[in-house]
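Structural overview for review
Listed here are the chains, written in short residue letters.
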Amino acid sequence: MNLNVWVPLAVLGSSLLPGLIIFFLPEDRGALRTALNMTGAAVKVVLVHFMVYRLLVLGQIHEVGFGMGLGFAFVLRVDFLSLMFLSLSSNLWLVTTLYAVGYLEASPNRSRFFGFFSLCVTATTGIAMAGNPLTLFIFYEFLTLVTYPLVVHRETPAALRAGRTYLWYTILGGSLVFVGVVWLQTLAGPLDFTATGVLNALGPEYHSTLQVIFCFLIAGFGVKAALVPLHGWLPVAMVAPAPVSALLHAVAVVKAGAFCIVRTVYDIYGRDFAGELGLLGPLATAATLTILFGSLQAIAQTDLKKRLAYSTVSQVSYITLGTALISTFSTVGAIVHLVHQGIMKITLFFCAGNIAETLELHDIREMKGVARRMPLTAALFSLAALGMIGVPPLAGFVSKWCLGLGGLSAGQGWVIGVLVLSSLLNAVYFLPIIYTLWFEEPDHQWESFRQSRLETPWTLLFPPVFTAMASLLAGLFAAWPWSPLGVARQITLGMGIGP
Amino acid sequence: MPGLALLLPFAGAILLFVLPGRLRSGLGVLAAVLMVCAGAGVAVEVYAQGPIRFTLGGWDVPLGIGISIDGLSVLFLLLTDGIGLVVSVYSRAYFSMPENSAKAALFWPLWFMLWGALNALFCTADIFNTYVLLELISISAAALAALSGSLPSLNAALRYFLVAMAGSLAFLLGVGFLYAQTGVLDMYALSEILPDSPLSAVAFGLICVGLLSKTALFPFHFWLPPAHGNAPAPVSAVLSGLVIKGSFFILLKFWFVVFHGQSGPEQTGWILGILAMAAALWGSYQALIQSRLKLIIAYSSVGQLGYMFLIFPLLSGDIDPAWTLQAWVGCGYQILSHGLAKAALFLAVGSLILTSKTDNIHQLRNIAVCLPMTSFTMGLAGVSLMGLPPSGGFMAKWMFLQAILAGNQWWLALVPVLGGLLTAGYMFRLLSHAFVSEAQAACYGRVASGMEKTALILALSSILIGFRTQEVVFFLQERTLIPALGGGGP
């Protein structure tokens, strides 16, 4: 049995199969559904880390492909860049599934929800493992399709409107990517991500065409990565249930967009060639604008989930910014922020979901003194928020440090200014929440609500504890070679641009 | 085997006409199964041994009727037999429901007559025989369209019939001009000896206009939405999925075989390009603003037809021969995936209308909860129509867009890209109404689960054909008797 072929397929199958089975389960088979979900999630985590081990320690590349003739090839290839995104999505799927089981207890249409939830992660891992632009596009569109039913899950008019907005943005983005991918293929044939030099070799007469194609691809991927002005769908999609928001923001959709931008720059064009074509400057500008605009918008929101959504708009663009700078540090920063932003943002959404589910509070102004009723949730929220601001030794600080170093070594000192300004803005919109949670007098007494020893069911409490601890440890032990930062450095080494 | 495939449906039609009612539906399904076996046998023979050519009754070509079954015919035959079987199974349940049972006696013979005529059309190499079969198709299709007996459906069927007749007349006149010039009726013989004369050009124009009006390409599409939108569900599925493909197939044959190398096709390809674009945009736009379920789907056919016609402008421009095959594969995939997805959609909507008793999307409630399988079917069919991966529709768009970009005909790219966006617009509009829920509105009636499953099978097939291209490419590249492709078999 050839592990290099079967393991990537098994990673896809570990969520695809449970998803398909769950669709056909009756609503009342909750235990079986949870068992299927959790088994699939656990198997996926094990398989993914088995591949991480084989790649980083044994240097084994996993690859499987099916050619269908006429240059149409479906290729899965687990390379260094895939690893971080794969590991992030498999781990966070596990905790989010647990959270969703608790969150959606006794709500209708759970089979449909968990079915699409599993397919969503299948699409994400597919994006991570895609070995050529065509495969990437296939999973990218698949992701759009399977997230739509999750966004409209509540079936309220607001949810349906949000779903419509989401679709218009993503379908439009998808067709831009489609044109870009087909165009690349007619110019250069099936372009595996390993063959980075091909576009470079096309000759200068193709350069303007390549610039146009780059714009198509970035605009298409930028929709999911919520690059301003393509971010409009993200705050609207907040009507979805909390686990969906958590997944959309931290793992699946937004990250997929950012990851695809990284792929485009590094593995389709090649970073240096993209720089020669003069494409990285505009990309960095777009990322900077998004970072600042998202933070400014976040300040104006009073709905907690909306504020977090605009915060995502801003934070995800750190990844794009890091990608657009020609420096090893910024690459490390971009890759590590993929994970750091994921674990911190998912913690924030879990906590927001807990507050909404337990106390039915959505507006920040109503959350006075929530910490007295839900101390643990408030503590975890504060930890993740401080991490987002970039307070050492939390994970967010590590990302920002790398990006800053990257900016300096790329000779782009203004990046430091952007980071400082953005951190200030982060503080402006996160610190008041922390203050409200901990220090303001509550309007009413919480104690009468309390039913059990825990402040909320353990399935809702354990996931944020886990992810918050992860964001603390990722910052504290950043120097350890198997921390996210350490792995990101190994990845950049493996990509051949490391120090 | 090919002879059996041609004769079986007609024998079935006669038997079904004379047989008493209670045996009818069972025999219909049995005949349908036999048809699929015969069709598969023909496909295997062509795959293994190359195109089949023979003459009916052993009379040689100037006298006898030539039959030619090549790779392109096989694709159409397999599509027809596949959809035919599924529609027959669906119809068995559909026409056993009390409100529809009175129509069964008329439906079965007409349906097999139509099926037989379609199968024969894909196999004939004789242009007069083509005319006869086109007439047979028009008559049985128009009769089927009138089957529900309501006033709008009679109106629509009459309009359809008149347009089809006018189209047939134009076609016949063109055939007459060709015969007068050459004295030959065989397509392949004509292709070799037809002079590039003004008379040939007139014949070309007449034949094209006749076939375009039967295929309902914009601006000849006006008869299609009412005719397809008012027929019973299985009939709509057949009309949209198969019947318009029949005249399209003949157009391909005339364009790329009979008139190959003539000035007609080379100089008028761009006109069809403009019409294709207008069809894709106008049809999809109309689908976006309709509020009746079946009209949405019928207008969607008008739009999707536009994609198929891309092959004419693509191949009449100065395309690099290396990309010819892409255009053909795109066209083949569009035919297959649209046929399957559209038939699935009409069957699914048929079940939906039977349960919810309404054809208006604004009155749909709780569809996703009451009919999960049918909603899923509509979703899958939508994926294929939108051309999202992985599906047959995606392969079609992918191949077409490659040929378009490689052939530097940028303006044509609007068809798959904008058309795809509009398609997504109306499909998701339809689907989002399925998600509207209302606690009070309970599920109304139920349909036989077989009806829901058959639609799902079609929708799944329209997705699954996107996973394997080798056979489609092989049939088109190695087994198709079209000069531009040069596949004559071993």
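To keep things clear, this report deals only with the structure shown in the data block. (Residues numbered from 1 in each chain as written. Chains lettered and ligands numbered in written order. Predicted model: local features only at pLDDT ≥ 70, side-chain atom pairs only at ≥ 80, totals over all residues. Heavy atoms only, no water.)

1. A short note on the nonpolar core
The biggest cluster of nonpolar side chains holds 367 residues, and the ones touching the most others in it are Ile127 and Tyr269 of chain A together with Leu178, Phe254, Phe309, Phe312 and Trp328 of chain B. If one sorts the elements of this core by residue count, helix α14 (residues 324-356) of chain B sits on top with 19 residues. When residues no more than four places from it in sequence are discounted, the contact partners of phenylalanine 312 of chain B are Phe248, Leu251, Leu252, Trp255, Phe256, Gly269 and Leu272 of chain B. (Core = buried A, V, L, I, M, F, W, Y, C linked by side-chain atoms within 4.5 Å. Buried < 20%, exposed > 50% of the residue type's maximum accessible area, 1.4 Å probe, protein only. Helix = DSSP H or I, 4+ residues; strand = E, 2+ residues; numbered from the N terminus. Contact = heavy atoms within 4.5 Å.)

2. Some remarks on the interface of chain A and chain B
Contact residues are listed per partner, giving 30 residues for chain A and 34 residues for chain B. At the boundary of chain A and chain B, one finds zero salt bridges. The element contributing the most residues to the side of chain A that touches chain B is helix α6 (residues 157-188) of chain A, with 14 residues. (Salt bridge = Lys/Arg side-chain N within 4 Å of Asp/Glu carboxyl O.)

3. Topic: the side chain of serine 88 of chain B
Residue and element names in this part refer to chain B. Tracing the backbone shows serine 88 in helix α3 (residues 71-94). Here the side chain of serine 88 touches tryptophan 111 through a polar contact of 3.1 Å, side chain to side chain. If sequence neighbours within four positions are ignored, serine 88 has contacts with Val29, Ala32, Trp108, Trp111 and Trp115. (Polar contact = N/O pair within 3.5 Å; in protein donor to acceptor, adjacent residues only side chain to side chain.)

4. Re the packing of helix α8 (residues 198-215) of chain B against helix α10 (residues 233-258) of chain B
Residues and elements named next belong to chain B. Two numbers describe how α8 lies on α10: the axes approach to 8 Å, and their chain directions differ by 160°. In terms of axis orientation, α8 runs roughly antiparallel to α10. Crossing handedness for the pair α8 and α10: left-handed. Of the residues in α10, those touching α8 at Phe204, Ile207, Cys208, Leu211, Leu212, Lys214 and Thr215 are Ile244, Ser247, Phe248, Ile250, Leu251, Phe254 and Trp255. The class makeup of the residues in the contact of α8 with α10 is 11 nonpolar, two polar and one charged. (Axes fitted to C-alpha atoms, helices over the stretch in contact; angles between N-to-C directions. Parallel < 35°, antiparallel > 145°, perpendicular 65-115°, else oblique. Left-handed = near helix turned anticlockwise from the far one by under 90°. Nonpolar A, V, L, I, M, F, W, Y, C, P; charged D, E, K, R; others polar.)

5. Some thoughts on the pairing of strand β2 (residues 66-69) of chain B
Residues and elements named next belong to chain B. Taking every second residue as pointing to the same face, both faces of β2 are buried, with Gly66 and Ser68 on one and Ile67 and Ile69 on the other. With four bridges joining them, strand β1 (residues 52-55) and β2 adopt antiparallel strand pairing. Note that in β2 the partner of phenylalanine 54 across the bridge is isoleucine 67. (Pairing = 2+ DSSP bridges.)

6. A closer look at the pattern of salt bridges
Counted by the stated rule, this structure contains 12 salt bridges over all chains. Among the ionic pairs, aspartate 363 of chain A bridges to arginine 365 of chain A, the shortest N-O distance being 3.1 Å. For arginine 365 of chain A, a relative accessible area of 56% translates into the label exposed. Of the charged contacts, one joins arginine 468 of chain B and glutamate 471 of chain B as a salt bridge, the two residues approaching to 3.1 Å between their closest N and O atoms.

7. Here's the deal with unusual backbone geometry
Residues and elements named next belong to chain A. Look at the link from valine 228 to proline 229: it is a cis peptide, with omega at 5°. Position of proline 229 relative to the elements: it lies in the loop between α8 (207-224) and α9 (233-236). Cis geometry is found at the peptide bond from proline 392 to proline 393, where omega equals 5°. With respect to the helices and strands, the residue proline 393 is situated in the loop between α17 (375-389) and α18 (395-409). Phi at alanine 226 is positive, roughly 60°, even though this residue is not glycine. For alanine 226, the location among the structural elements is in the loop between α8 and α9.

8. Examining the packing of aromatic side chains
Under the counting rule described, the total for this entry stands at 54 aromatic pairs over all chains. Residues tryptophan 255 of chain B and phenylalanine 312 of chain B carry aromatic rings whose centres are separated by 4.8 Å and whose planes lie at 55° to one another, so their mutual orientation is tilted. Of this pair, tryptophan 255 of chain B sits in helix α10 while phenylalanine 312 of chain B is found in helix α13 (residues 311-316), placing the two residues 57 residues apart along the sequence. Across the pair, phenylalanine 312 of chain B and tryptophan 255 of chain B agree in class, each one buried. Linked through ring pairs, Phe171, Phe204, Phe248, Phe254, Trp255, Phe256, Phe259, Phe309, Phe312 and Trp328 of chain B together constitute an aromatic cluster. The ring of tyrosine 140 of chain A has lysine 224 of chain A sitting right over it, with the charged end atom 3.7 Å from the ring centre. (Phe/Tyr/Trp six-rings, centres within 6.5 Å; stacked < 30°, edge-to-face > 60°. Lys NZ or Arg CZ within 6 Å of the ring centre and 35° of its normal.)

9. Here we look at the packing of helix α11 (residues 263-289) of chain B against helix α12 (residues 293-308) of chain B
Residues and elements named next belong to chain B. At a closest axis distance of 7 Å, the pairing of α11 and α12 adopts a crossing angle of 160°. Put simply, α11 runs roughly antiparallel to α12. In this structure, α11 crosses over α12, and the sense of that crossing is left-handed. Two secondary-structure elements touch here, α11 through Ala276, Ala279, Ala280, Gly283, Ser284, Gln286 and Ala287 and α12 through Ile296, Tyr299, Ser300, Val302, Gly303, Gly306 and Tyr307. Across the contact of α11 with α12, the residue classes break down as eight nonpolar, six polar and no charged.

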